[in-house]
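One letter stands for each residue in the lines below.
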Amino acid sequence: MPENSLLRDAQPEDAEVVSILLVQAMGSLASSFTSGADYSEQIALFRKFFKEKHNQYSYQNTIVCIKNDKVIGSVNGYDGSLLKILRTDFSNYIHDKYGFVFPNDSDETCPGEFYVDCVSVLKEFQGKGVGSSLINAMTERAKSKEISKIGLLVDTSNEKAFTLYQKLGFEIVEKKF
């Protein structure tokens with residue numbers, strides 16, 4: 001991790017940078033959620049939900065890495081048994097505003113698993129241990145909730161992320177499309 005950086009629980013005031021990081025982590029999925037709306041609309045969507053409580057993208061489920069009082073990376077994660085509850089407001093909002101409907105088989109996690117979601121680091125800080133530190137912190141959060149199974153999804157064509165997750169001990173247990 002970069003010198004003079006620290007990890008902490010996210011706060012609503014981190015929304016400006018974390019919303020950018022969420023869209024960066026999601027790639028084309030953020031565009032799908034907004035039915036192809038422009039980048040600023042995607043950022044606005046995630047800024048809104050990050051600032052709110054009780055949803056999968058909330059600051060309550062996020063850890064940030066700070067350097068010089070600025071957010072340089074983030075990760076969110078939650079108990080997989082809560083996915084449907086945490087997704088409800090987001091799902092309803094993007095359905096009503098953009099017409100997006102989650103496919104029936106789109107659940108990325110399940111009960112008994114802690115799900116690590118949307119790991120993202122500003123480009124200029126990638127490759128410096130920020131992502132590893134964030135994932136390790138989220139793993140510790142899972143352990144504090146007494147959940148030993150930890151899962152995540154990665155696009156296997158994202159070689160950097162795939163290699164990082166393997167280095168941290170994650171194994172392929174299922175392939176999803």
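Residues numbered from 1 in each chain as written. Predicted model: local features only at pLDDT ≥ 70, side-chain atom pairs only at ≥ 80, totals over all residues. Heavy atoms only, no water.

A.B. asks: Could you clarify how one ought to interpret the layout of surface pockets in this entry?
C.D. replies: A probe as big as a water molecule, rolled over the atoms, marks out the empty space that is left. Its volume calculated, the second largest pocket comes out at about 180 Å³. Along the wall of the second largest pocket there are 13 residues; nearest its centre are Lys 84, Arg 87, Ser 91, Phe 102 and Asp 107. (1 Å grid on protein atoms, 1.4 Å probe; cavity = no way out; pocket = protein on both sides within 12 Å on 5 of 7 lines; lining within 4 Å. Points joined across faces, edges and corners; volume = space filled by probe spheres on them.)

A.B. asks: What exactly am I supposed to notice about the environment of Ser 148 here?
C.D. replies: Tracing the sequence through the fold places Ser 148 in the loop between α5 (130-144) and β5 (150-151). Each C-alpha atom, one on Ser 148 and one on Ala 161, is 22 Å from the other, the two residues being 13 residues apart in sequence. (Helix = DSSP H or I, 4+ residues; strand = E, 2+ residues; numbered from the N terminus.)

A.B. asks: It is not clear to me how the side chain of Asp 117 should be interpreted in this structure. Could you clarify?
C.D. replies: Structurally, Asp 117 can be placed in strand β4 (residues 114-121). One buried charged residue, Asp 117, remains without a salt bridge, the closest side chain of opposite sign being Arg 87 at 6.7 Å. Polar contacts involving the side chain of Asp 117 include one to the side chain of Tyr 78, which spans 3.1 Å. Those residues in contact with Asp 117, other than ones at most four positions away along the chain, are Gln 56, Tyr 57, Val 75, Asn 76, Gly 77, Tyr 78 and Glu 108. (Buried < 20%, exposed > 50% of the residue type's maximum accessible area, 1.4 Å probe, protein only. Lys, Arg positive; Asp, Glu negative; His and termini not counted. Salt bridge = Lys/Arg side-chain N within 4 Å of Asp/Glu carboxyl O. Polar contact = N/O pair within 3.5 Å; in protein donor to acceptor, adjacent residues only side chain to side chain. Contact = heavy atoms within 4.5 Å.)

By themselves, these figures tell us nothing about what the structure is for.
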